[in-house]
Amino acid sequence: MTHREKPVTRQISLSGPDISEAEIEAVTAVLRTPYLSLGAKLDEFEQTFTDRLGVKHAIATSSGTAALHLLWRAFGLNPGDEVITTPFSFIASANSILFDGGRVVFVDIDPETWQIDVARIETAVTLRTKALLPVDVFGSLPDMDAIWSLAKKHDLRVLEDSCEALGASYKGRPAGTIGEAGTFGFYPNKQITTGEGGMIVTNDDELAFLTRSMRNQGRDPDAGWLQHARLGYNYRICDINCALGIVQMQRLDEILAKRTRVAGWYSERLADEPRVAMMEIPDEVTIAWFVMVVRLSDDYSQADRDDILAKLRRAGIACSNYFTPIHLQPFYQQQHGYKPGDFPITEALSARTVALPFHNHLSEADVDQAVTELRKLL
Ligand SMILES: *Cc1c(COP(=O)(O)O)cnc(C)c1O
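Parameters and conventions
Residues numbered from 1 in each chain as written. Predicted model: local features only at pLDDT ≥ 70, side-chain atom pairs only at ≥ 80, totals over all residues. Heavy atoms only, no water. Helix = DSSP H or I, 4+ residues; strand = E, 2+ residues; numbered from the N terminus. Rg over C-alpha atoms; globule rule 2.2 N^0.38 Å. Buried < 20%, exposed > 50% of the residue type's maximum accessible area, 1.4 Å probe, protein only. Areas by Shrake-Rupley, 256 points an atom, 1.4 Å probe, with all protein chains shown as cover. Pairing = 2+ DSSP bridges. Axes fitted to C-alpha atoms, helices over the stretch in contact; angles between N-to-C directions. Contact = heavy atoms within 4.5 Å. Near = heavy atom within 4 Å. Polar contact = N/O pair within 3.5 Å; in protein donor to acceptor, adjacent residues only side chain to side chain. Phe/Tyr/Trp six-rings, centres within 6.5 Å; stacked < 30°, edge-to-face > 60°. Right-handed = clockwise from strand over helix to strand, strands pointing away.

A. Summary view of the overall build of the protein. A tally of helices and strands in the protein yields 12 helices and 13 strands. The globule rule puts the C-alpha radius of gyration for 378 residues at 21 Å, and the 21 Å found for the protein is close to it. Taking the principal axes of the C-alpha coordinates as reference, the protein spans close to 65 × 55 × 50 Å. The buried share of the protein, taken over its 378 residues, is 57%. Counting every atom, the protein has about 16,600 Å² of accessible surface; 52% of that belongs to carbon and sulfur.

B. Representation of unusual backbone geometry. A cis geometry characterises the amide bond from Y322 onward to F323, with omega recorded as -25 degrees. Here F323 lies in the loop between helix 9 (302-314) and helix 10 (330-336). Positioned with a positive phi, F138 is a non-glycine residue whose angle comes to about 60 degrees. By relative accessible area, F138 is classed as buried at 2%. With a phi close to 60 degrees, Q217 is a non-glycine residue in the positive phi region. Relative to the elements of secondary structure, Q217 occurs in the loop between helix 6 (205-215) and helix 7 (239-250). For Q217, a relative accessible area of 30% puts it in the partly exposed group.

C. The arrangement of the sheet that holds strand 9 (residues 198-202) in detail. One open sheet holds the seven strands; their spatial order is 1-9-8-5-4-2-3, and the pairing between them is mixed. Lying at the two open borders of the sheet, with one neighbouring strand each, are strand 1 (57-61) and strand 3 (103-106). The sheet shows a mean angle of 25 degrees between the axes of neighbouring strands, direction not considered. In the sheet, strand 2 (residues 82-85) pairs with strand 3 via four bridges, with the strands oriented parallel. Pairing of I84 across the sheet is with V105, part of strand 3. Lying on the sheet, helix 5 (residues 144-154) is in contact with strand 4 (129-133) and strand 5 (157-161); it crosses strand 5 at an angle near 150 degrees.

D. Region of the structure containing the site of the ligand. Taken together, the neighbourhood of the ligand is formed by 14 residues, with G64, T65, D161, E164 and K190 sitting nearest. Contacts to the ligand include G64, whose backbone N or O atom sits 2.8 Å from an oxygen atom. Measuring from an oxygen atom of the ligand, one finds a side-chain N or O atom of E164 at 2.6 Å. Burial of the ligand by the protein amounts to 93% of the accessible area it has alone, namely 380 Å². Among the secondary structure elements, those contributing two or more residues to the shell around the ligand are helix 3 (64-75) and helix 4 (91-98).

E. How the structure looks around the packing of aromatic side chains. A full pass over the atoms with the stated rule returns 17 aromatic pairs. Look at F106 and Y338: their rings are 5.3 Å apart centre to centre, the planes differ by 55 degrees, and that puts the pair in the tilted class. With F106 in strand 3 and Y338 in the loop between helix 10 and helix 11 (344-350), this residue pair connects regions lying 232 residues apart in the sequence. By relative accessible area, which is 5% here, F106 ends up buried. Among the aromatic residues, those joined into a cluster by ring pairs are F88, W114, F138, Y322 and F323.

F. The arrangement of the sheet that holds strand 6 (residues 169-170) in detail. Taken in spatial order, the three strands line up as 7-6-11 in an open sheet, and their pairing is antiparallel. Of all strands in the sheet, those bounded by a partner on one side alone are strand 7 (173-174) and strand 11 (285-286). Here two bridges tie strand 6 to strand 11, and the two strands are oriented antiparallel to one another. When the bridges of strand 11 are listed, S169 appears paired with T286.

G. A look at the pairing of strand 5. In terms of residue burial, strand 5 counts as a mostly covered element, since four of its five residues are buried. The sheet contact formed by strand 4 and strand 5 spans two bridges and is parallel. Residue pairing in the sheet places L132 in a bridge with V158 of strand 5. One crossover worth recording links strand 4 to the parallel strand 5 by way of helix 5, and it is right-handed.

Take a look at the structure:
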């Protein structure tokens, strides 16, 4: 039997970082010093966030998930405390609540904006509700004013998961600064990357102090290396990653502009396509494009969508099904008793999403090809 190579179809990738020579040089420069962790690059990276977002404190971490976990610890979330969030997000949002025994209470989304439906939150509030965790899904934001007025009414804390929304804003206020604290993540598919990494931003001195200490094994700033004032973790980010992040932050406007341009190419080509809808962006929101997720119309089933994804891939167009609802992930169903039908709006959307290639190296021709293939399959 002969092994024949399959003809090579050019692949258009789903996502990818935007790394220039400047990042490569900055990383190399750190490697020529002995300061690979807790050095000057850490402070400098944090300062790019305080400067850019106009917040008092920025605490860099090893990941966005670590940033969320530290904040729940600093909030003092206790076993059995309930936190209200969206089932239409990346799993880390909800998982961070579970780490120390908190209980996740999901509220379904708005069918147009794909963000948590604030009008449904109040019925989910109980005597055990401690906090709200709005997520800035796909670089847009939920109705943060309404979230805050509910929080004030019921004396709830507000933590913002902005891991997908660096550079976005709500009524001119930067995403991540609208909650008592906000979190960012720097995995390579995010707006900026440090390989792995995350950031907490807050104006609250105590949250900043506690998260900084718990990030570094519970040490206090002026105590010795082997002095541990509280239970902590190693959630530090190293200076190599920070050096990468500093340059990415210097290039943030350029990076966001490129993403906006690619999103524009998609929007133009899909505007007159009734079988496909994009997320509605509220007037108060300036989006920071994270992914290009479109929703097929209700004429398509989940099986139709899966078939389209498989055929797109065969045609060289990388694609995905962001997100599977968190409540339908196997261990949420097994351990927390969720089942299909619990959050119908999220489920109807999730069954019909197609994430198309979206990153800074796409050309207009790539976008053309992706949309043309998609239309053929519709
Ligand atoms: C990426 C992401 C996170 C977690 O960030 P990591 O750095 O991957 O740990 C959390 N929440 C949301 C909504 C995300 O998209």
